[in-house]
Amino acid sequence: MKKILGEFKQFALKGNVLDLAVGVIIGAAFQGIVKSLVDDIISPVIGLFAKKDFSSLVLTVFDVNIRYGAFITAVINFLIMVLLIFLLVKAINKLSNIGKKQPQVTEKEVTTKECPFCYTEISVKASRCPNCTSILDNQSFK
Ligand SMILES: [Zn+2]
């Protein structure tokens, strides 16, 4: 029992589980906004053309009520939700790419230099070339 608890703790404290929980909470909050947008703004506008409350449109076939208005509302909800998530993911990817690219460039410039005697790439800190054993006076060569 203690072992299972330990494993569960390890699982729950992993970063991606926390990320997932945050994602679910943000998703739920988003859904509320999207539902309100569709129910309170988009549906009444479409309802103007249908001359009826859009989400209450019902088709009766053989005494069975088919609430296609509510179904179309759900589809519109879903499409707006997917679009919002797509835009959000795109924005996050763009931001994380900006963070990744810049350090790589500066790192390359700082860590290596060219030996002035044999022209191989060596550490910028080297006072003696590991390839041709020439003594370097530790100025920055280009
Ligand atoms: Zn050298």
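Residues numbered from 1 in each chain as written. Predicted model: local features only at pLDDT ≥ 70, side-chain atom pairs only at ≥ 80, totals over all residues. Heavy atoms only, no water.

The name an unreviewed UniProt entry assigns to the chain is Large-conductance mechanosensitive channel, from the organism Clostridium gasigenes. In UniProt, the chain has this text filed under Subunit (unreviewed entry): "Homopentamer." (UniProt positions renumbered as here; feature names shortened; annotations may be inferred.)

Draft legend 1. Summary view of the overall build of the chain. In terms of regular secondary structure, the chain is built from 3 helices and 4 strands. Along the chain, helices and strands appear, N-terminal first, in the series α-α-β-β-α-β-β. Burial analysis of the chain (142 residues in total) assigns 13% to the buried set. For the chain, the exposed surface amounts to about 11,800 Å²; the carbon and sulfur share of it is 67%. (Helix = DSSP H or I, 4+ residues; strand = E, 2+ residues; numbered from the N terminus. Buried < 20%, exposed > 50% of the residue type's maximum accessible area, 1.4 Å probe, protein only. Areas by Shrake-Rupley, 256 points an atom, 1.4 Å probe, with all protein chains shown as cover.)

Draft legend 2. Examining the environment of Ser 134 more closely. Note that Ser 134 resides in the segment after β4 (121-123). Linking Ser 134 and Phe 117, residues 17 residues apart in sequence, is a C-alpha distance of 7.1 Å.

Draft legend 3. Just the coordination of the zinc ion, in detail. For the zinc ion, the full set of protein donor atoms is Cys 115 (SG), Cys 118 (SG), Cys 129 (SG) and Cys 132 (SG), and the range of their distances to it is 2.3 Å. Given 4 donor atoms and angles of 106 to 113 degrees at the metal, the environment of the zinc ion is assigned as tetrahedral. Each donor residue of the zinc ion belongs to the same chain, with the gaps between them written as C-x2-C-x10-C-x2-C. Taken together, the residues span a long stretch of sequence, with Cys 115 in the loop between β3 (112-114) and β4 and Cys 129 in the segment after β4 at a distance of 14 residues. Accessibility classification places Cys 115 together with Cys 129 in one group, the buried group. (Donors = N, O, S within 2.8 Å, 3.2 Å for Na, K, Ca; no water. Tetrahedral: all angles 85-135°; square planar, octahedral: opposite > 155°, others 65-115°.)

Draft legend 4. Examining a nonpolar patch on the surface more closely. On the surface, Leu 59, Val 61, Phe 62, Val 64, Ile 66, Tyr 68, Phe 71, Ile 72, Val 75, Phe 78, Leu 79 and Val 82 cluster together to form a nonpolar patch covering roughly 1,100 Å² of accessible area. Ranked by residue count, the leading element in the nonpolar patch is helix α3 (residues 68-111), at 7 residues. One can find Leu 59 in strand β1 (residues 59-61). Its relative accessible area of 44% is what places Leu 59 among the partly exposed residues. (Patch = residues over 30% accessible without salt bridge, like charges linked within 9 Å, V, L, I, M, F, W, Y side chains within 5 Å. Salt bridge = Lys/Arg side-chain N within 4 Å of Asp/Glu carboxyl O.)

Draft legend 5. Up close: unusual backbone geometry. Of note, the phi angle at Tyr 119 is positive, near 60 degrees, even though the residue is not glycine. One can find Tyr 119 in the loop between β3 and β4. Located in the positive-phi region is Thr 133, a residue other than glycine, with phi close to 60 degrees.

Draft legend 6. Fine view of the confidence of the model for the chain. Scored by pLDDT, the chain comes out at a mean of 75, with 76% of its residues at no less than 70. The weakest mean pLDDT in the chain belongs to α3 at 71; the strongest belongs to β4 at 88. (pLDDT = per-residue confidence, 0-100.)

Draft legend 7. Main features of the side chain of Lys 113. Relative to the helices and strands, Lys 113 resides in strand β3. Using a relative accessible area of 5% as the deciding quantity, one classes Lys 113 as buried. Here the side chain of Lys 113 touches Val 124 through a polar contact of 3.4 Å, landing on its backbone oxygen. (Polar contact = N/O pair within 3.5 Å; in protein donor to acceptor, adjacent residues only side chain to side chain.)

Draft legend 8. Here's a closer look at the UniProt feature "transmembrane region" (unreviewed entry) in the chain. Within this structure's numbering, the places UniProt gives as "transmembrane region" (unreviewed entry) are residues 12-34 and 68-92. Secondary structure over residues 68-92 splits into 100% helix and 0% strand, and the C-alpha atoms at its two ends are 36 Å apart.

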